[in-house]
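For reference, the chains in residue letters:
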Amino acid sequence: MAKCLSSICAVSHVVKGNFLKGVIATPARRALEKEKIDSLEKLSDYSEKEIMQLHGFGKNTMQKLKVYMNQNHVSFKNN
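Thresholds, definitions, all that
- Residues numbered from 1 in each chain as written.
- Predicted model: local features only at pLDDT ≥ 70, side-chain atom pairs only at ≥ 80, totals over all residues.
- Heavy atoms only, no water.
- Helix = DSSP H or I, 4+ residues; strand = E, 2+ residues; numbered from the N terminus.
- Buried < 20%, exposed > 50% of the residue type's maximum accessible area, 1.4 Å probe, protein only.
- Contact = heavy atoms within 4.5 Å.
- Areas by Shrake-Rupley, 256 points an atom, 1.4 Å probe, with all protein chains shown as cover.
- Core = buried A, V, L, I, M, F, W, Y, C linked by side-chain atoms within 4.5 Å.
- Salt bridge = Lys/Arg side-chain N within 4 Å of Asp/Glu carboxyl O.

Q: Hey, could you run me through the overall build of the protein chain in this one?
A: A tally of regular secondary structure across the protein chain gives five helices and zero strands. Ordered by position in the sequence, the α and β elements of the protein chain form the string α-α-α-α-α. The buried share of the protein chain, taken over its 79 residues, is 25%. Of the contacts made within the protein chain by residues no fewer than 6 positions apart, 44% connect residues no fewer than 24 positions apart. As presented, the protein chain carries roughly 5800 Å² of accessible surface, and 53% of it is formed by carbon and sulfur atoms.

Next comes the structure, spelled out in structure tokens:
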């Protein structure tokens, strides 16, 4: 029975896409997925302030995300 429960738990915590995998932590990736943000193009439609309000985003995660976006010549929209 425990094996069955752990497999259900594991499935419910998996992030479906690979967007930003290895760049930011899973909770932040899940928050983006919940908002249907699955590409840098969609991410660039948001301001930094809007993204910081999502669960899983703090200063460290935002810094990693900004570095990654900069490397890919993408930026947040201006407020």
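Alright, that's what it looks like, and here's the rest.
Q: Could you clarify how one ought to interpret the nonpolar core in this entry?
A: Generally speaking, soluble globular proteins have nonpolar side chains that are buried together. Of all hydrophobic cores here, the largest spans 16 residues; its most connected members are Ile 24, Leu 32, Leu 43, Ile 51, Phe 57, Leu 65 and Phe 76. Sorting the residues of this core by element identifies helix 2 (26-34), helix 3 (40-43) and helix 5 (59-71) as the ones contributing at least two each. The contacts of Phe 76, once residues within four sequence positions are left out, are Leu 43, Ser 44, Tyr 46, Ser 47, Glu 48, Ile 51, Met 62, Leu 65, Lys 66 and Met 69.

Q: Just checking my understanding: could you explain the environment of Val 74 for this structure?
A: With respect to the helices and strands, the residue Val 74 is situated in the segment after helix 5. C-alpha of Val 74 to C-alpha of Leu 43: the two residues are 31 residues apart in sequence and 8.8 Å apart in space. For Val 74, the contacting residues outside a window of four places in its chain are Leu 40, Ser 44 and Met 69.

Q: In this structure, what is going on with the pattern of salt bridges? I would like to understand it.
A: Between side chains of opposite charge, a pair can form as their charged atoms come close. Tallying each qualifying case throughout the model produces two salt bridges. For Glu 48, the salt bridge identified is with Lys 66, shortest N-O distance 3.4 Å. Within this pair, whereas Glu 48 is found in helix 4 (residues 48-52), its partner Lys 66 is found in helix 5, the two being separated by 18 residues in sequence. The exposure class assigned to Glu 48 is partly exposed, which follows from its relative accessible area of 32%. Assessed through its relative accessible area of 34%, Lys 66 is described here as partly exposed.

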